[in-house]
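Here's the letter readout for the chains.
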Amino acid sequence: MPTMLTDVFRGHPIHLPHSHQPDFTSLRELPDSYTWTPKDDLLFAAAPSPPATGENIPLIDLNHPDAANQIGGACRTWGAFQIANHGVPLELLQGIEFLTGSLFRLPVQRKLKAARSETGFSGYGVARISSFFNKQMWSEGFTITGSPLNDFRKLWPQHHQNFCDLVEEYEEQMQKLASKLMWLALNSLGVSEEDIEWASVNSDLNWAQSAFQLNHYPVCPEPDRAMGLAAHTDSTLLTILYQNNTAGLQVFRDDLGWVTVPPVPGSLVVNVGDLFQILSNGLFKSVLHRARVNQTRSRLSVAFLWGPQSDTKISPVPKLVSPVGSPLYRSVTWTEYLQTKATHFNKALSMIKNHREE
Ligand SMILES: C=C1C[C@]23C[C@H]1CC[C@H]2[C@@]12CCC[C@@](C)(C(=O)O1)[C@H]2[C@@H]3C(=O)O
Ligand SMILES: O=C(O)CCC(=O)C(=O)O
Ligand SMILES: [Fe+2]
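The name given to the protein in an unreviewed UniProt entry is gibberellin 3beta-dioxygenase, with Thlaspi arvense as the source organism. As stated in UniProt under Cofactor (unreviewed entry), the record for the protein gives "L-ascorbate". Under the UniProt heading Sequence similarities (unreviewed entry), the entry covering the protein gives this text: "Belongs to the iron/ascorbate-dependent oxidoreductase family. GA3OX subfamily."

(A) Broad picture of the site of ligand 2. The environment of ligand 2 is formed by 13 residues, the closest being N215, Y217, H289, R299 and S301. With respect to ligand 2, the side chain of H232 contributes an N or O atom lying 3.2 Å from an oxygen atom. Between ligand 2 and R299 there is a distance of 2.8 Å, counted from an oxygen atom to a side-chain nitrogen or oxygen. Summarising the interface, the protein chains cover 96% of the accessible area of ligand 2, which totals 290 Å² for the free molecule. Within the residue set of the shell around ligand 2, elements represented by two or more residues are β5 (208–217), β6 (229–232), β11 (289–291) and β12 (299–308).

(B) Structural view of the coordination of the iron ion (ligand 3). For the iron ion (ligand 3), every protein donor is listed as H232 (NE2), D234 (OD) and H289 (NE2), and the spread of their distances is 2.1 to 2.2 Å. Written as a sequence motif, the donor residues of the iron ion (ligand 3) are H-x1-D-x54-H. Remark: H289 occurs in strand β11 and H232 occurs in strand β6; sequence separation between them is 57 residues. The buried category is assigned to H289, whose relative accessible area is 5%.

(C) Structural detail: the packing of aromatic side chains. For the coordinates displayed, the defined rule picks out 15 aromatic pairs. Taking the centre distance of 5.3 Å and the plane angle of 50 degrees together, the rings of F212 and F304 count as tilted. Taken together, the residues span a long stretch of sequence, with F212 in strand β5 and F304 in strand β12 at a distance of 92 residues. Each member of the pair F212 and F304 is classed as buried.

(D) A look at the UniProt feature "coiled-coil region" (unreviewed entry) in the protein. Mapped onto the present numbering, the UniProt feature "coiled-coil region" (unreviewed entry) falls on residues 160–187. Secondary structure across residues 160–187 divides into 96% helix and 0% strand, with the first and last C-alpha atoms of the span separated by 41 Å.

(E) Focus on the sheet that holds β6. The strand order β6-β11-β8-β9 describes an open sheet built from 4 strands, whose pairing is antiparallel. The open sheet is flanked by β6 and β9 (257–260), the only strands paired with a single partner. Averaged over all neighbouring strand pairs, the angle between strand axes comes to 25 degrees, with direction disregarded. For strand β8 (residues 249–253) and β11, the ladder comprises 3 bridges, and the chain directions are antiparallel. Opposite Q250, over in β11, you have R290 as the bridge partner.

(F) Quick peek at the site of ligand 1. Around ligand 1, the surrounding shell holds 13 residues, and the nearest of these are F121, R128, I129, D234 and S235. A distance of 3.2 Å separates an oxygen atom of ligand 1 from a polar backbone atom of R128. Within the side chain of S235, an N or O atom sits 2.5 Å from an oxygen atom of ligand 1. If ligand 1 stood free it would expose 450 Å²; the protein chains cover 96% of that surface. Per-element accounting of the shell around ligand 1 gives the leading share, 3 residues, to helix α9 (residues 334–344).

(G) Structural view of the nonpolar core. With 92 residues, the main nonpolar core has F152 and Y170 as its most contacted residues. Of all the elements, helix α5 (residues 161–187) adds the most residues to this core, at 14 residues. Setting aside residues up to four positions removed in sequence, Y170 forms contacts with V88, L92, L93, I96, F212, Y242, L268 and V302. The next biggest cluster of nonpolar side chains, apart from the first, holds 19 residues, and it includes A226, M227, L229 and F345.

(H) Quick look at the packing of helix α1 (residues 67–77) against α5. Contact geometry for α1 and α5: axes closest at 7 Å, N-to-C directions at 85 degrees. In terms of axis orientation, α1 runs roughly perpendicular to α5. Contacts from A68, I71 and C75 of α1 reach α5 at L181, L184 and A185. A per-class count over the contact of α1 with α5 returns 6 nonpolar, no polar and no charged.

Thresholds applied
Residues numbered from 1 in each chain as written. Chains lettered and ligands numbered in written order. Predicted model: local features only at pLDDT ≥ 70, side-chain atom pairs only at ≥ 80, totals over all residues. Heavy atoms only, no water. UniProt positions renumbered as here; feature names shortened; annotations may be inferred. Near = heavy atom within 4 Å. Polar contact = N/O pair within 3.5 Å; in protein donor to acceptor, adjacent residues only side chain to side chain. Areas by Shrake-Rupley, 256 points an atom, 1.4 Å probe, with all protein chains shown as cover. Helix = DSSP H or I, 4+ residues; strand = E, 2+ residues; numbered from the N terminus. Donors = N, O, S within 2.8 Å, 3.2 Å for Na, K, Ca; no water. Buried < 20%, exposed > 50% of the residue type's maximum accessible area, 1.4 Å probe, protein only. Phe/Tyr/Trp six-rings, centres within 6.5 Å; stacked < 30°, edge-to-face > 60°. Pairing = 2+ DSSP bridges. Axes fitted to C-alpha atoms, helices over the stretch in contact; angles between N-to-C directions. Core = buried A, V, L, I, M, F, W, Y, C linked by side-chain atoms within 4.5 Å. Contact = heavy atoms within 4.5 Å. Parallel < 35°, antiparallel > 145°, perpendicular 65-115°, else oblique. Nonpolar A, V, L, I, M, F, W, Y, C, P; charged D, E, K, R; others polar.

Okay, structure coming up:
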């Protein structure tokens, strides 16, 4: 039996109280447990990009004849980009935003009925990476993999079917889009389906697997001292992110610092994940990103976390290894990688790295 995403954290419980959450709406001041300083996160106060540079992740039109090269370039320099003309109907994006808003507007007691268990994968709770930080993040999340029916039934005993259908439809669209984006990026490096065994055996996407992370960042009384979601890279091949019309997502570049990704209505943000960095033998960079919060508008985002079947060995594409001699990374399955991340967080990728002989 192949491992399912639902099982990957069975041996990696996170002990996090869920019911400690403050009533986000009534606080005038940030509680100490929510106040971040550079001690809590090395990059917390890293210089923001000077507005003068105006440099930002590119917005790429998927209908543009040169889209593949633009995507390849963005994966190498930023590890992130936005896309327009992606083919996902606007009504579907609006539907998913409405679902997400409805879910987080439910009373806390209701949301807790679908709380993520300590060893579980899906359900309501704080981000998994919370266990690596001393301070709490100003957000709440909901993770979905496979059918959301069981969890949605607990949230909406009567009216969950439409929301289940919506998630299913969104997942189909995201699967297609993610695979298209991966091949465009790889094609720009001269890599095609024949070069990757696990992807060419089943070209009908049977080799892929995914999850959704819904995020809510409530209005915050002291946004400059709070953190919505701490800096991390995603443990995916690609992540496709929908953000509502409120800024907050930031990507990090060594030469620029934190750069805010402006919401562009109707467009989607794409992040290179750690597995794509491995697959591309380090040519594509998984992007360090985080979410800040603000004082006037609550923010919603929906991340589609996309990867291979849990048991597929991912290793650098041979074609990209030969020019440089040896593979930069060892091979690893998505399950193994998520488990490494669950124990070692931001050291996970370097633990997969091959150390060259002196
Ligand atoms: C498939 C995934 C990817 C996970 C773990 C698991 C389910 C939830 C994902 C996130 C979503 C929020 C940020 C992150 C860092 C987190 O804490 O949970 C992600 C993590 C990862 O990309 O490592
Ligand atoms: O809310 C955002 O913009 C970022 C969310 C994110 O990084 C994630 O869910 O992995
Ligand atoms: Fe992320």
